[in-house]
Amino acid sequence: MSNIRFAQYGTKHAHAAGKLRAIIDNPDVELAGVLEPDEERRRVMAAADGPYQDVNWFGSESEMLDDDSIVAISSEGPTHHGLDQTERCVQAGKHVWYDKPAGDNWPQWQRTIGLAEERGLTVQMGYMFRYHAGFQQIDEWVKSGFLGDIFALRTRIGTAMNENARREVSRHRGGVFYELGCHMLDQVVWLLGRPQKVTAFLRNETGVVAECPDNTLGVFEYENAMALVDTSAMETRPAARRFEVYGSRGSAIMEPLEPATEIRLCLTEAQGGYAEGDQKVPIETQTRQKLYDLELVDFLKTIQGQQPPARPLAHELLVQETLLRATGEIEA
């Protein structure tokens, strides 16, 4: 694999520093530089301990986008700017590793993906749980039919948000659901497809930031199944995060998600080397940084034509459409 010149656009996404660390540490990548439009933010990041200390800072967007030697860009701006800057990266002919979620403007996201498809560009969303050993094992069990016909999927992904974080996510109609529920929707629609009906409960319980939904639930109905995605912004640490799948031949429950060490598997009868009944299946324990590293490796292989993308562009569209149906941004 030859070295690929990479840039990062923005530093304000919660995953930005980890993504930059993955870029710097990957021997097949050359970091061309980082663009941070906010001058004060740039000074703070350059002076702080971490991966931004010794990077080259671009002076303008055109300096980065007009450089034909830069093949790919990690889009790490705040979520309310991410789609605009990602579209400009695609217009400039760059592959984009885009941190989630994909904005509030559904026509713009469709247009961006359409342009990427037309130009043969990869846009890979930063849903790191795709590379999580536990989710990958459950995905394999579901898609192979090992768990039988799936009739229920239940997830929880809560957090503790301070007032500033709540004000930031209140820019989006779904609040904490928009910010975190998207991670679980990436898994839900990968396993079950497009839901027939979407119903969401987007409540504010604390009043800390009244316009920010902080206690939320999405219900996604399928012909023979339902999926529940539950998230809140006021959890005690460590937040309770879990993923449950129920089928006619067995169930799989993973808790916690980070760090995950095992899956509780329950089977109606012995199969595939597993016993009938309840058992614990060990899985590889991975750090969050390891997941970012795996994301990048997958992205690099895809843009070099060594493999198809782990998720097609149609899936990246479906995740965002489902999220926006839940938040009320588009018709459910």
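Residues numbered from 1 in each chain as written. Predicted model: local features only at pLDDT ≥ 70, side-chain atom pairs only at ≥ 80, totals over all residues. Heavy atoms only, no water.

## Some thoughts on the side chain of Asp214
Here Asp214 lies in the loop between strand S7 (197-203) and strand S8 (215-221). Assessed through its relative accessible area of 0%, Asp214 is described here as buried. Separated by 2.9 Å, the side chains of Asp214 and Arg166 make a polar contact. When near neighbours in sequence (up to four residues on either side) are disregarded, Asp214 contacts Arg166, Val176, Arg203, Asn204, Glu205, Thr206, Gly207, Thr231, Ser232, Ala233 and Met234. (Helix = DSSP H or I, 4+ residues; strand = E, 2+ residues; numbered from the N terminus. Buried < 20%, exposed > 50% of the residue type's maximum accessible area, 1.4 Å probe, protein only. Polar contact = N/O pair within 3.5 Å; in protein donor to acceptor, adjacent residues only side chain to side chain. Contact = heavy atoms within 4.5 Å.)

## Looking at the sheet that holds strand S10 (residues 241-247)
The strand order across the open sheet built from eight strands is S7-S8-S9-S6-S10-S11-S12-S13, with neighbouring strands paired in mixed fashion. For this open sheet the edge positions go to S7 and strand S13 (277-282), each flanked by a neighbour on one side alone. On average, adjacent strands in this sheet sit at an angle of 10 degrees to one another, irrespective of strand direction. Relative to strand S9 (residues 226-232), S8 runs antiparallel, the two being bridged by seven bridges. Its bridge partner being in S9, Asn215 is matched across the sheet by Ser232. (Pairing = 2+ DSSP bridges. Axes fitted to C-alpha atoms, helices over the stretch in contact; angles between N-to-C directions.)

## So, the packing of aromatic side chains
Tallied over the full model, the rule gives 10 aromatic pairs. Ring centres 4.8 Å apart and planes at 65 degrees place the aromatic pair Phe135 and Phe243 in the edge-to-face group. Remark: Phe243 occurs in strand S10 and Phe135 occurs in helix H6 (residues 133-143); sequence separation between them is 108 residues. Judged by relative accessible area, Phe135 falls into the buried class, the value being 0%. (Phe/Tyr/Trp six-rings, centres within 6.5 Å; stacked < 30°, edge-to-face > 60°.)

## Structural notes on helix H4 (residues 79-91)
Helical periodicity: at 3.6 residues per turn, an α-helix aligns residues three or four positions apart in one direction. Spanning 13 residues, H4 covers 19 Å between terminal C-alpha atoms, matching the ideal 18 Å at 1.5 Å per step. Three or more residues of H4 are buried, namely Thr79, Gly82, Leu83, Gln85, Thr86, Glu87, Cys89 and Val90. Two residues or fewer past H4, Gly93 is found with a positive phi of approximately 85 degrees. (Expected span 1.5 Å × (residues − 1).)

## Re the pattern of salt bridges
Counted under the stated rule, the structure contains 28 salt bridges. We note a salt bridge from Arg5 to Glu30, for which the minimum N-O separation is 2.7 Å. Separated by 25 residues along the polypeptide, Arg5 in strand S1 (residues 4-9) and Glu30 in strand S2 (residues 29-35) bring together distant segments of the chain. Arg5 gets classed as partly exposed once you look at its relative accessible area, which sits at 21%. Across the pair Lys19 and Glu295 runs a salt bridge whose closest N-O atoms are separated by 3.6 Å. Highlighted residues: Lys19 in helix H1 (residues 16-25) and Glu295 in helix H9 (residues 288-303), separated in sequence by 276 residues. Take Glu295: its relative accessible area is 0%, and that puts it in the buried class. (Salt bridge = Lys/Arg side-chain N within 4 Å of Asp/Glu carboxyl O.)

## Topic: the packing of H4 against helix H5 (residues 106-119)
It is at 10 Å that the axes of H4 and H5 come closest, and there the two elements cross at 20 degrees. Taken as axis vectors, H4 and H5 run roughly parallel relative to one another. Read as a crossing pair, H4 and H5 show a hand that is left-handed. Residues Leu83, Asp84, Thr86, Glu87, Val90 and Gln91 of H4 lie in contact with H5, whose contacting residues are Gln108, Trp109, Arg111, Thr112, Leu115, Ala116 and Arg119. Tallied by class, residues from the contact of H4 with H5 come to five nonpolar, four polar and four charged. (Parallel < 35°, antiparallel > 145°, perpendicular 65-115°, else oblique. Left-handed = near helix turned anticlockwise from the far one by under 90°. Nonpolar A, V, L, I, M, F, W, Y, C, P; charged D, E, K, R; others polar.)

## With respect to the sheet that holds strand S3 (residues 72-75)
Read across the sheet, five strands follow the order S2-S1-S3-S4-S5 without closing on themselves; strand pairing throughout is parallel. The open sheet has two free edges, formed respectively by S2 and strand S5 (123-125), since each of these has just one partner strand. Strand-to-strand twist in this sheet, taken as the mean axis angle between neighbours without regard to direction, amounts to 20 degrees. Bridge analysis of S3 against strand S4 (residues 95-98) gives four bridges, and the strand direction is parallel.

Read these as layout, nothing more, since geometry by itself doesn't imply function.
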